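# Summary of the model geometry
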Amino acid sequence: MPVILFSLFYLWRKPHQTLSIIPFAADTANFLIYSYSDSLKSPDNASSVYNINVNDTNISFSYKLGEGYLFPYAGVTLLAKGNSFFDLTSYDYMELDIQATNGKRPQIIMGVHTTGFTNPEKTLSYRYIVKDVDLKKDQHHYTFALDQFITPTWWYAENNVSEKDFKSLELDKVKIINIQNCQLLGKNIPDTIIIKQLTFTKNVRQFYLITCMVLIGYCLIAGIVVYNKKKPKEKVQKVEIQYTPVQITRQADQDLQKVVDFISNNYQDSELSLKKIQLATGLSENKISALIKASFRLTFKQYLNNLRLTEAKRLLMDLSLPVSDIAYKVGYGNISHFNRVFKESVGISPNDYRKQNKTQS
């Protein structure tokens, strides 16, 4: 009986089933491959993609980032054919084999169709979710949980919406998979990216844990039944046991995600505090601080400042924005406090940072 139960559960869940995008068979592939860059944003001195090589075992492309656009980009798109989509609802992880000659942090971007919002004729109306891939020396294979992909703030700004306007992602309607340039690479530096594997897999470990719990429960029930049958008839009592398998969850991960999501969506609030996060998430202030400390080795204040300063650095690249406006946009109540925190963290004032990066570019 345990073998039959396991076999039925295995056939139902299909834990080792994968969705392989790369490698692929060219004659049966359900997607098209295109290159793209910021040339539509800035035709002059635009980024470029060249030397694209596509075969059954890998996809590679070379590119250079141009100087014509403030935030240059280039890459290749895997676009699901016709009205079809990549259905990722049954999968938990992305497995990636990727190499780069000079790049250190390429991006994987997926465009998800959102019912009632997405216009197929407007690429940016697909909801973008992004994962930076920090490449390590002598390592080519990487595995990411799909819940690590996040929608960047620039996408919300581009579409004039907020996260509150959307429900959960429709992962059965992934239309676009982009492999994009390194985020740390300078302009006019050639780089080649090679992708030998892009596969979606299930959480096999969770499957076997649940299977073990179910089988243990079955054995306990079977043991009790056998024991009661062997007892003398006059002492036999009817035993009725209801058993429910234990659901294994990682509550700490869920709590941390709630905290990170709330801070990411509200860091512009100059009065953001542990108390506000507590009211929004239902977690105690001590637990919020402990989750941030354990995950990032930072205090809440340090984590919040790092997030704000990261966005401030990006905004400082736009020379049309006054420093005072940037300070208020990222959550600092006054310019003096912003200047002090920025200089303590970066070593120079926001104005000097802007001048320095203007000179380098």
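### Focus on the sheet that holds strand E5 (residues 74–80)
Ordered by their spatial adjacency, five strands build an open sheet running E2-E5-E10-E7-E8, and the pairing between neighbours is antiparallel. The outermost strands of the open sheet, each flanked by one partner alone, are strand E2 (31–37) and strand E8 (127–132). With strand direction ignored, the average angle separating the axes of adjacent strands in the sheet is 20°. In the sheet, E5 pairs with strand E10 (residues 174–180) via five bridges, with the strands oriented antiparallel. Following the sheet pairing, Thr77 is matched in E10 by Asn178.

### Notes on the packing of aromatic side chains
Scanning the model with the defined rule gives 15 aromatic pairs in all. Taking the centre distance of 5.1 Å and the plane angle of 85° together, the rings of Phe117 and Phe166 count as edge-to-face. Here Phe117 is found in the loop between strand E7 (107–112) and E8, whereas its partner Phe166 is found in the loop between helix H2 (153–159) and E10, with 49 residues between them in sequence. You can call Phe166 buried: its relative accessible area is 13%. Between Phe342 and Tyr353 the ring centres are 5.6 Å apart and the planes differ by 75°, which places this aromatic pair in the edge-to-face class. Residue Phe342 is located in helix H9 (residues 335–346), and its partner Tyr353 is located in helix H10 (residues 350–360); the two are separated by eleven residues in the primary sequence. For the pair shown, Phe342 and Tyr353 are each scored as buried. Through a chain of ring-to-ring contacts, the aromatic side chains of Phe117, Trp155, Tyr156 and Phe166 assemble into a single cluster.

### Points about the nonpolar core
Met110, Ile179, Leu198 and Phe200 are the most contacted members of the largest nonpolar core, which totals 38 residues. Residue assignment for this core shows that the elements contributing at least two residues are strand E1 (19–22), strand E4 (59–64), E5, strand E6 (93–100), E7, strand E9 (141–145), E10 and strand E11 (191–201). Beyond its immediate stretch of four places on either side in the chain, Phe200 contacts Gln17, Thr18, Leu19, Ile21, Leu88, Tyr91, Tyr93, Met94, Met110, Leu146 and Ile177. The next biggest cluster of nonpolar side chains, apart from the first, holds 30 residues, and it includes Val260, Leu283, Leu291 and Ile292.

### Points about the pairing of E5
Among the seven residues of E5, six are classified as buried, and the element is accordingly described as predominantly covered. Of the pairings in the sheet, the one linking E2 to E5 comprises seven bridges and is antiparallel in character. If you follow Phe31 over to E5, its bridge partner there is Ala80.

### Focus on the pattern of salt bridges
Summed over the entire model, instances satisfying the criterion amount to five salt bridges. In this structure, the salt-bridge partner of Asp134 is Arg105, at a minimum N-O distance of 2.6 Å. Highlighted residues: Asp134 in the loop between E8 and E9 and Arg105 in the loop between E6 and E7, separated in sequence by 29 residues. Since its relative accessible area comes to 28%, Arg105 is described here as partly exposed.

### Regarding the side chain of His113
For His113, the location among the structural elements is in the loop between E7 and E8. Setting aside its immediate chain neighbours within four residues, His113 contacts Phe85, Thr118, Tyr126, Glu170 and Lys173.

### Notes on the side chain of Asn58
Mapped onto the fold, Asn58 is located in the loop between strand E3 (48–54) and E4. In terms of polar contacts, Asn58 uses its side chain to reach the side chain of Thr57, at 3.2 Å. Non-local contacts of Asn58, meaning those with residues more than four positions away in its chain, are made with Ile22, Asn53, Ile194, Ile195 and Lys196.

### Quick notes on the environment of Ile195
Note on placement: Ile195 falls in strand E11. Ile195 sits in the buried class, given a relative accessible area of 0%. With 93 residues separating them along the chain, Ile195 and Asn102 place their C-alpha atoms 15 Å apart. Apart from the residues within four sequence positions on either side, Ile195 is in contact with Ile22, Thr57, Asn58, Ile59, Phe61, Leu96, Asp97, Ile98 and Ile179.

### Re the packing of helix H5 (residues 274–281) against helix H6 (residues 285–296)
Two elements in contact, H5 and H6, have axes whose closest approach is 9 Å; the angle formed by their N-to-C orientations is 100°. In terms of axis orientation, H5 runs roughly perpendicular to H6. Here Leu274, Lys275, Ile277, Gln278 and Thr281 of H5 come into contact with H6, specifically with Glu285, Ile288 and Ser289.

### Notes on the environment of Lys276
Structurally, Lys276 is set in helix H5. Lys276 gets classed as partly exposed once you look at its relative accessible area, which sits at 32%. A C-alpha to C-alpha distance of 9.6 Å links Lys276 and Phe262, two positions 14 residues apart in sequence. In this structure Lys276 touches Phe262, Asp269 and Glu271, once residues within four positions along its chain are discounted.

Conventions and cut-offs
- Residues numbered from 1 in each chain as written.
- Predicted model: local features only at pLDDT ≥ 70, side-chain atom pairs only at ≥ 80, totals over all residues.
- Heavy atoms only, no water.
- Pairing = 2+ DSSP bridges.
- Helix = DSSP H or I, 4+ residues; strand = E, 2+ residues; numbered from the N terminus.
- Axes fitted to C-alpha atoms, helices over the stretch in contact; angles between N-to-C directions.
- Phe/Tyr/Trp six-rings, centres within 6.5 Å; stacked < 30°, edge-to-face > 60°.
- Buried < 20%, exposed > 50% of the residue type's maximum accessible area, 1.4 Å probe, protein only.
- Core = buried A, V, L, I, M, F, W, Y, C linked by side-chain atoms within 4.5 Å.
- Contact = heavy atoms within 4.5 Å.
- Salt bridge = Lys/Arg side-chain N within 4 Å of Asp/Glu carboxyl O.
- Polar contact = N/O pair within 3.5 Å; in protein donor to acceptor, adjacent residues only side chain to side chain.
- Parallel < 35°, antiparallel > 145°, perpendicular 65-115°, else oblique.

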